[in-house]
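So the chains spell out like this:
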Amino acid sequence: MTAAFPALRLRRGRTSPWIRAMLAEHRLHPSDFILPLFICDGQGCEEPIAALPGVSRWTVDRIGARAKEAWEAGIPCVALFPNTPGNLRTIGAEEALNPDNLICRAVKAVKDACPEIGVLTDVALDPYTEHGHDGLIDSRGCVLNDETSAMLVQQALVQAEAGADIVAPSDMMDGRIGAIRAALEAAGKCDTAIMAYAAKYASAFYGPFRDAVGSGGRLKGDKRGYQMDPANSAEALREVALDIAEGADMVMVKPGMPYLDIVAAVRGRFEVPTFAYQVSGEYAMIEHAAAAGAGDRDALILETLLAFKRAGATGVLTYHALDAARLIAG
């Protein structure tokens, strides 16, 4: 039951900043964010990424300082993505299993610089393959599910041994969550969490990210044979259910803003920690819109991030994490 106008005037709850703050249903906090960081080879370098204004790749010796900056801003976790040198990218993606590869060295550097912060690592083969796909391929160029999954298990173990707190399979191979969970348990890594890219769509919003990790120009064909069709929503719930049943501790929907309906449906159906990835194309659109005078940058950042919380997201992977944390802090 509710009163009717004029006994009820909803505008009374909007008259002043203090009452709007008091009645706000959702709030942003720096602990809602995970900051993605890109790693490059070399020493003492920062490489600005043209497709992602304001975002850079950092060498291992400088990545720890970036993680510490995030922690001091209240951000609890960073996600690491390597730009593997071209001479180490192969058909078989062997560098993914090298315990001294870029990602493993970066994990150790972050933990040395800031032991308190969480580290999430990407489990997928696209940063290591010469063809840019997330898995091993056959002679026809088809991505092989089971063979890829077996390699992802080994990759996850290597990353966990390096010190990763969360391994995040982003490949969309069937059955890989169960296989990784079983392997982590057998290896005594029972505290290593799995964040499954459970509903990852074959999206047009990934372009700048692929440039950032050096896989974009290498990609042969597309990823629609294993990533989800943007037309489907019920299928996303089936994917999430499978990953939870196989041992995922957290699930992710990717991309973010175009799939808020999926975020809301997943959180409502499963009531598990549900993350969204505000992907590179979303970030770039905000930056370019602000640069063109189409909107206030700070307001655009906070409004889009608040939309994730309103949809039910536990947290958001966003390149705007530091900006948002500073804006929230005032």
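Here the structure is shown first, and the text comes after it.
Residues numbered from 1 in each chain as written. Predicted model: local features only at pLDDT ≥ 70, side-chain atom pairs only at ≥ 80, totals over all residues. Heavy atoms only, no water.

A. Structural detail: the packing of aromatic side chains. Evaluation of the coordinates by the stated rule reveals eight aromatic pairs. Arranged with centres 5.9 Å apart and planes meeting at 10°, the rings of Phe38 and Tyr319 form a pair that is stacked. Pair noted here: Phe38 is in strand E1 (residues 33-40) and Tyr319 is in the loop between strand E10 (315-318) and helix H11 (321-329), with a separation of 281 residues, a long-range link. Their ring planes at 70° and their centres at 5.7 Å tell us that Tyr283 and Tyr319 sit as a pair that is edge-to-face. (Phe/Tyr/Trp six-rings, centres within 6.5 Å; stacked < 30°, edge-to-face > 60°. Helix = DSSP H or I, 4+ residues; strand = E, 2+ residues; numbered from the N terminus.)

B. Representation of the side chain of Gln227 in the model. Mapped onto the fold, Gln227 is located in the loop between helix H6 (207-212) and helix H7 (234-246). Excluding residues within four positions of it along the chain, Gln227 makes contact with Asp134, Met172, Lys200, Tyr201, Ala202, Ser203, Tyr206 and Arg210. (Contact = heavy atoms within 4.5 Å.)

C. Local environment of unusual backbone geometry. Of the consecutive residues Phe5 and Pro6, the connecting peptide bond is found in the cis state with omega at 10°. One non-glycine residue, Met172, lies in the positive phi region at around 70°. Tracing the sequence through the fold places Met172 in the loop between strand E6 (166-169) and helix H5 (176-186). The buried category is assigned to Met172, whose relative accessible area is 5%. Backbone geometry at Glu271 places phi at a positive 50°, although glycine is not the residue there. Note that Glu271 resides in the loop between helix H8 (260-270) and strand E9 (274-278). (Buried < 20%, exposed > 50% of the residue type's maximum accessible area, 1.4 Å probe, protein only.)

D. Here's a closer look at empty space enclosed by the protein. All chains considered together, the criterion is met by one cavity of 30 Å³ or more. Taken as a whole, the largest cavity holds about 90 Å³ of empty space. Taken together, 13 residues line the largest cavity, and the ones lying closest to its centre are Asp126, Lys200, Phe209, Lys223 and Lys254. Elements supplying a minimum of two residues to the lining of the largest cavity: strand E7 (193-200) and H6. Looking at the lining of the largest cavity residue by residue, the classes come out as four nonpolar, two polar and seven charged. (1 Å grid on protein atoms, 1.4 Å probe; cavity = no way out; pocket = protein on both sides within 12 Å on 5 of 7 lines; lining within 4 Å. Points joined across faces, edges and corners; volume = space filled by probe spheres on them. Nonpolar A, V, L, I, M, F, W, Y, C, P; charged D, E, K, R; others polar.)

E. Inspection of the layout of surface pockets at higher detail. The calculated volume of the largest pocket comes to roughly 300 Å³. Mapped onto the lining of the largest pocket, the elements with two or more residues apiece are E1, strand E3 (56-59), helix H2 (60-72) and H11. At four residues, E1 tops the list of elements feeding residues into the lining of the largest pocket. Tallied by class, residues from the lining of the largest pocket come to ten nonpolar, two polar and six charged. Residue lining of the second largest pocket: 17 residues in total, with Val143, Arg224, Gly225, Tyr226 and Gln227 positioned closest to the centre. Looking at the lining of the second largest pocket residue by residue, the class counts come to six nonpolar, five polar and six charged.

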